[in-house]
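Chains, contacts and geometry: an overview
Spelled out, the chains give:
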Amino acid sequence: MAKKVIVTGASRGIGFELVQKYAEAGHEVIALSRNSDRLEQLKEACLKLNPKAIVHILSFDLAEGDIAAQLMPFIESCFQHVDILINNAGALVAKPFTEISAEELERIYHVNVLSVFKLTQELIPKLSNNAHIVNISSVGGVQGSVKFSGLSAVSYTHLQAHETLRYLVCRLLLEKK
């Protein structure tokens, strides 16, 4: 049975590959990224792998966009329920710690942490009983990085947020049953 899958950060890397794998296997996918050109390329690649693939694409900035007002109507127009949510979007600033501005740190935090919370909160009523949520993060939150110090701090917060969300979503899904 085809699953309904949402992948954030789908324009390259892990997200790009995951969308292709799900589409090739016959699952219906919503691919989200800021980069509309790369999303178009992704959709074409998926259709080459599986001519019957159903891939919905949306250029959406998780740091700037309103998830409830702008993203949820799109998701609801595509899916009645969600089986798999993959929070893969990530941002980083490749600067020394002393050069990272507050605005840059806020953007990283919005993409890597707050958007995960907001999107998961909005999707809870739409999650199927056997839904899966996968949060992809950097190992920098566990071991740290001098090169990407801002990302390390945010990745650690992302890791802790994941643990909190795991507990809360499990409780909410059990209550739905």
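You'll find the structure just up there.
Residues numbered from 1 in each chain as written. Predicted model: local features only at pLDDT ≥ 70, side-chain atom pairs only at ≥ 80, totals over all residues. Heavy atoms only, no water.

The next subject is the packing of aromatic side chains. Within the structure shown, the criterion is met by 0 aromatic pairs. Sitting above the plane of the Phe 16 ring, Arg 38 keeps its charged end 4.6 Å from the centroid. (Phe/Tyr/Trp six-rings, centres within 6.5 Å; stacked < 30°, edge-to-face > 60°. Lys NZ or Arg CZ within 6 Å of the ring centre and 35° of its normal.)

Locating Gly 90 in the fold gives a position in the loop between β4 (82-87) and α4 (102-123). When its relative accessible area of 61% is taken as the criterion, Gly 90 is described as exposed. For the pair formed by Gly 90 and Val 113, sequence separation is 23 residues and the distance between their alpha carbons is 9.0 Å. The contact partners of Gly 90, leaving out residues within four places of it in the chain, are Val 111 and Asn 112. (Helix = DSSP H or I, 4+ residues; strand = E, 2+ residues; numbered from the N terminus. Buried < 20%, exposed > 50% of the residue type's maximum accessible area, 1.4 Å probe, protein only. Contact = heavy atoms within 4.5 Å.)

Looking now at the pairing of strand β1 (residues 4-8). With 4 of its 5 residues buried, β1 lies for the most part within the structure. Bridging between β1 and β4 involves 3 bridges; their strand directions are parallel. Across the sheet, residue Val 5 finds its bridge partner in β4, namely Ile 84. (Pairing = 2+ DSSP bridges.)

In this section: the side chain of Asn 88. Within the fold, Asn 88 resides in the loop between β4 and α4. Among the polar contacts made by the side chain of Asn 88, one reaches the main-chain carbonyl oxygen of Gly 9 at a distance of 2.9 Å. Apart from the residues within four sequence positions on either side, Asn 88 is in contact with Thr 8, Gly 9, Ile 14, Gly 15 and Ile 136. (Polar contact = N/O pair within 3.5 Å; in protein donor to acceptor, adjacent residues only side chain to side chain.)

Now for the pattern of salt bridges. A complete count under the given rule lists 3 salt bridges for this structure. A salt bridge links Asp 61 to Arg 107, with the shortest nitrogen-to-oxygen separation between them at 3.2 Å. In this pair, Asp 61 is assigned in the loop between β3 (55-59) and α3 (67-78) and Arg 107 in helix α4, connecting sequence segments 46 residues apart. For Arg 107, a relative accessible area of 27% translates into the label partly exposed. Of the charged contacts in the structure, one is a salt bridge between Arg 107 and Glu 64, with a shortest N-O distance of 3.6 Å. Placement of Arg 107 in helix α4 and of Glu 64 in the loop between β3 and α3 is noted, with a sequence separation of 43 residues between them. (Salt bridge = Lys/Arg side-chain N within 4 Å of Asp/Glu carboxyl O.)

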